[in-house]
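Below are the chains, spelled out letter by letter.
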Amino acid sequence: NIERDGLVFGMDTGYGVANNSTATRFYRGEPTTNFASTDSLRTMVQYADNTVASSDAPEKGPGWKKVTITNRGTNFRTAKFPYISHPTNTTRIYSLEIDFNGTSGYYIRGDGFSGLGPNQYTNGQYTATFTTTTGNGSMALFLNNGTTSVTGIYDVIYYRNYQVETNNYKTPFVSDVRTSTQSLIDLTKSTNIDVSNVSFDSTGQPTFDGTDDLIAVNPGTFPSSWSQPFTLEAIVYIPSSATWYNQGSGLGIVGRGSYTGSWGLMRGGGNNTVYLYIRTGGNTFNPGGTIGRDKYYHILGTWNGINQAIFYINGNQNSQETNSNVGTTVDNTGNIVIGGNIAFGGSNGGYGEGTYPVVKLYNRALSADEVQQNYNAYKNRFNL
């Protein structure tokens, strides 16, 4: 139910809808490299006289494989994934989706890693993970308790999405590489979003550290004049630890332009204040309001293309400014910047610590009903 008519650009990380193990259509997950090759997803290495057969399992759905683990009379049954080159002192996480309902409990562990003991998992369907910094190794499935002889018994394990990445938490599965431009997809699919200058938190969600993080996009030259209406919308979260602003005119959340002709959503010169900021060359419009820390807010500003700017917080109109003295200067040749370092006040401001999971630009002024509609769509997701 999110309004899409007139959308010029939009980003949405899927936060609150997906988790760090599940990609969404427009947020595919933190950039990463899966060091387990595609072949590793189809073949397994067997121990000694153990027999392992790996095949597709269409009865389970897309991507699932089936492994039958048979007798190993002198020790225990096991299935081992191929070894992965693992640089010493590099933190890597190994992950694998498992569906197992067998005759006995089993262990899943890293094999070949010095000092890494087994982690025991029971029957069921889940994602098994472990993190290590030492040695080369593989992910291994040890059935039974690792010591008892098990003859005449067969078990079937279903698995998919074997992933080994340089990280200390799991990100959504990728068969090879997810680059910085394949992570976050423009809602209109027309603008490239590069997240190489953004940090990621411990759940794999993009965040801005307040030091040097930003996203720069260029969806064209809109607006090319102040006669063109537009809407800027964002979901924002500012932690209590963050510096609110670091120059007199404020700090940008999203915006574009220079001292003579700029527009954007900003953290204002007063603590906890937020504004829609429009500098036209003939006047400055900055309707705004106050939000809190350590929680999400929906903020939105509209320009009617004539003489009026309106600002909304959590779906409600907070303030508006009307002035017939509108200039003609629009600086629309550079990037739209998210996260700070925008020249609202003559020189580029600093960077702002915070999280902005949704940022959008429309080529029209949303009505009050449409603003409420978008707010309602995000309300439960972000606990607004």
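A. Representation of the overall build of the protein in the model. Within the protein one finds 1 helix and 26 strands. When each of the 384 residues of the protein is scored for burial, the buried share is 52%. Within the protein, counting contacts between residues at least 6 apart in sequence, those at least 24 apart form 71% of the total. When the accessible surface of the protein is totalled, it reaches about 15400 Å², and 43% of it is carbon and sulfur.

B. Representation of a positive patch on the surface within the structure. A contiguous patch of positive charge, built from R4, R25, R28 and K189, is present on the exposed surface. Structurally, R25 can be placed in the loop between β1 (7-12) and β2 (32-33).

C. Representation of unusual backbone geometry within the structure. With an omega dihedral of -10 degrees, the bond running from F222 to P223 counts as a cis peptide bond. Tracing the sequence through the fold places P223 in the loop between β15 (215-217) and β16 (230-237). Even without being glycine, N383 reaches a positive phi, approximately 55 degrees. Among the structural elements, N383 can be located in the segment after α1 (368-382).

D. Quick peek at the confidence of the model for the protein. With 78% of its residues at a pLDDT of at least 70, the protein reaches an overall mean of 83. For the stretch residues 45-50, pLDDT sits under 50, and the model shows 19 contacts to residues farther than four places along the chain or on other chains. Considering only residues more than four positions removed or in separate chains, one finds that residues 114-118, a stretch of pLDDT under 50, has 8 contacts.

E. Structural view of the packing of aromatic side chains. Taken as a whole and assessed by the stated rule, the structure comprises 6 aromatic pairs. Their ring planes at 50 degrees and their centres at 4.9 Å tell us that Y237 and Y296 sit as a pair that is tilted. Here the residue Y237 occupies a position in strand β16, and Y296 occupies one in strand β22 (residues 296-303), the gap between them amounting to 59 residues. Their ring planes at 50 degrees and their centres at 5.1 Å tell us that Y296 and F382 sit as a pair that is tilted. Of this pair, Y296 sits in strand β22 while F382 is found in helix α1, placing the two residues 86 residues apart along the sequence. Judged on exposure class, the residue Y296 and its partner F382 are both buried.

Each value, and the rule that gives it
- Residues numbered from 1 in each chain as written.
- Predicted model: local features only at pLDDT ≥ 70, side-chain atom pairs only at ≥ 80, totals over all residues.
- Heavy atoms only, no water.
- Helix = DSSP H or I, 4+ residues; strand = E, 2+ residues; numbered from the N terminus.
- Buried < 20%, exposed > 50% of the residue type's maximum accessible area, 1.4 Å probe, protein only.
- Contact = heavy atoms within 4.5 Å.
- Areas by Shrake-Rupley, 256 points an atom, 1.4 Å probe, with all protein chains shown as cover.
- Patch = residues over 30% accessible without salt bridge, like charges linked within 9 Å, V, L, I, M, F, W, Y side chains within 5 Å.
- Salt bridge = Lys/Arg side-chain N within 4 Å of Asp/Glu carboxyl O.
- Lys, Arg positive; Asp, Glu negative; His and termini not counted.
- Charge placed at Lys NZ, Arg CZ, Asp CG, Glu CD.
- pLDDT = per-residue confidence, 0-100.
- Phe/Tyr/Trp six-rings, centres within 6.5 Å; stacked < 30°, edge-to-face > 60°.

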